[in-house]
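# Coordinate analysis (summary)
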Amino acid sequence: MNLQLVLDNFSLILFVLTIVTGAIWFLDVFHFARQRRARADAALAALDARSAKLSADGIKADESDRYTVEENLLRQPTWIEYSGSFFPVIALVFFLRSFLYEPFKIPSSSMVPTLQVGDLILVNKFTYGIRLPIINKKIIEMGYPQRGDVMVFRYPKDLSVNYIKRVVGVPGDKIVYKNKRLEVNDEKISYDPLPDYLDEEELKYLKQFSENLAGKKHNIVNYEQRPSYVDNPDDFPGRQNCTYDIEGFTCRVPIGQYFMMGDNRDNSKDSRYWGFVPDKNIVGKAFFVWMNLGNLKRIGSFQ
């Protein structure tokens, strides 16, 4: 699921704006403001000398000129005034998006029924460790993805694109998906049938189940008419850890990597097709729908 390249570009734009406006603010405080003060002091000294001469000649000087001159000379140029005003706001937004929470929009149905097209979600950026913005390098360990988490990550085939899927396998896990049923480390995952789910895009009813993955219950859907096998998987790094057959596949997750699947199991291009997600690609944990303009009832947390 592509989470819109524009969001990644927005992070870079925010970073550049923070640096530029911050540099202008810094230069103004420690250089330009002092220059304006020096010019104002020189002009005021000249006015004082003129006023003293006029007073000596018996002429009373207009003191309002002094305040007008000082105000005009100390006034910030427009470009400096706007930069100084925007800097703290831009810096705060950049900090929040980089280290705390980042918003994304869901553009496709690969995570239905958990997430729907148009959902605006929040992603926790520190659950899995503090990472430097832009380069996404982890600098502080905080925790690791757990089975059942909904995670945003950089797509391994194109790092400029963000994807969102569910963590099915963590490092070292043996993942088996046969006949549309999941096993993790030889333990069969339980599935409780639910009422059929209406796919509003294709106007079809899908089989819906409650899946219990490591104690985290969430709903998944299946297209009964679609086959269980994985059609034409890529030759991805670590491909030798996986075997495919007519019923599905078996994979051993390499150390430092994760196996991801969409909740819309028969309509999701995920680790079954393009491989494992390295830890360095992790963006954060998705946890809250903060808006869906087409359905306000969607607002709330999810698993």
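Enumeration according to the criterion identifies 21 salt bridges in this entry. With a shortest N-O distance of 2.8 Å, Arg272 and Asp270 are connected by a salt bridge. The class of Asp270 is buried, set by a relative accessible area of 0%.

Taken in spatial order, the 3 strands make up an open sheet running S10-S11-S12, and their pairing is antiparallel. Whereas interior strands pair on both sides, the edge strands pair on one side only; in this sheet they are strand S10 (190–199) and strand S12 (216–222). Each strand of the sheet is rotated relative to its neighbour by a mean of 30°, with strand direction disregarded.

What follows concerns the state of the cysteines. For the structure on display, the rule yields 1 disulfide. In this model, Cys242 is linked to Cys251 through a disulfide, with the two sulfur atoms separated by 1.9 Å. Because the torsion about its S-S bond is 120°, the bridge between Cys242 and Cys251 counts as right-handed. Like Cys251, Cys242 is buried.

Before going further, it helps to examine the sheet that holds strand S7 (residues 174–178). Taking strand neighbours across the sheet as the criterion, the 5 strands line up as S9-S8-S7-S14-S13 in an open arrangement whose pairing is antiparallel. Looking at the sheet topology across the chains shown, the edges are occupied by strand S9 (187–188) and strand S13 (242–245).

Moving on to unusual backbone geometry. Note that the residue after Val112, namely Pro113, is joined by a cis bond; omega there is 10°. Inspection of the secondary structure assignment puts Pro113 in the loop between strand S1 (101–105) and strand S2 (120–124). Even without being a glycine, Asp186 presents a positive backbone phi close to 65°. Its location among the elements puts Asp186 in the loop between strand S8 (181–184) and S9. Relative accessible area serves as the criterion here: at 55%, Asp186 is assigned to the exposed category. The phi dihedral of Asn232 falls on the positive side, at around 55°, and the residue is not glycine. Tracing the chain through its elements places Asn232 in the loop between S12 and S13. With relative accessibility at 63%, the residue Asn232 sits in the exposed group.

Now for the pairing of strand S17 (residues 282–291). Relative to S17, S2 runs antiparallel, the two being bridged by 5 bridges. Residue pairing for S17: Leu122 is matched across the bridge by Phe288. Where strand S5 (residues 150–154) lies against S17, 3 bridges are found, and the strand directions are antiparallel. Pairing of Phe153 across the sheet is with Ile282, part of S17.

The subject of this paragraph is the confidence of the model for the protein chain. Mean pLDDT over the protein chain: 91, with 95% of residues reaching 70 or higher. Scored below 50 in pLDDT, residues 1–7 makes 29 contacts in the model with residues more than four places away or belonging to other chains.

Time to look at a nonpolar patch on the surface. A cluster of nonpolar side chains, namely Leu12, Phe15, Val16, Ile19, Val20, Leu132, Ile134, Ile135, Ile139, Ile140 and Met142, defines an oily patch on the protein surface of about 940 Å² accessible area. Mapped by element, the contributors of at least two residues to the nonpolar patch are helix H1 (5–56) and strand S4 (138–140). The element that contributes the greatest number of residues to the nonpolar patch is H1, accounting for 5 residues. Here Ile19 shows up in helix H1. Judged by its relative accessible area of 48%, Ile19 is partly exposed.

Our focus in this paragraph is the side chain of Arg272. Within the fold, Arg272 resides in helix H4 (residues 271–274). Reaching out from Arg272, the side chain makes a polar contact with the side chain of Asp270 at a distance of 2.8 Å. If sequence neighbours within four positions are ignored, Arg272 has contacts with Tyr177, Val230, Pro233, Phe236, Tyr244, Phe249, Phe259, Met261 and Arg265.

Before going further, it helps to examine the environment of Glu247. By the element assignment, Glu247 lies in the loop between S13 and strand S14 (248–252). Using a relative accessible area of 35% as the deciding quantity, one classes Glu247 as partly exposed. Between the alpha carbons of Glu247 and Gly275 there is a distance of 18 Å; along the sequence they are 28 residues apart. Setting aside its immediate chain neighbours within four residues, Glu247 contacts Tyr177, Lys178, Asn179 and Ser228.

Rules behind the numbers
- Residues numbered from 1 in each chain as written.
- Predicted model: local features only at pLDDT ≥ 70, side-chain atom pairs only at ≥ 80, totals over all residues.
- Heavy atoms only, no water.
- Salt bridge = Lys/Arg side-chain N within 4 Å of Asp/Glu carboxyl O.
- Buried < 20%, exposed > 50% of the residue type's maximum accessible area, 1.4 Å probe, protein only.
- Pairing = 2+ DSSP bridges.
- Helix = DSSP H or I, 4+ residues; strand = E, 2+ residues; numbered from the N terminus.
- Axes fitted to C-alpha atoms, helices over the stretch in contact; angles between N-to-C directions.
- Disulfide = S-S within 2.5 Å.
- pLDDT = per-residue confidence, 0-100.
- Contact = heavy atoms within 4.5 Å.
- Patch = residues over 30% accessible without salt bridge, like charges linked within 9 Å, V, L, I, M, F, W, Y side chains within 5 Å.
- Areas by Shrake-Rupley, 256 points an atom, 1.4 Å probe, with all protein chains shown as cover.
- Polar contact = N/O pair within 3.5 Å; in protein donor to acceptor, adjacent residues only side chain to side chain.

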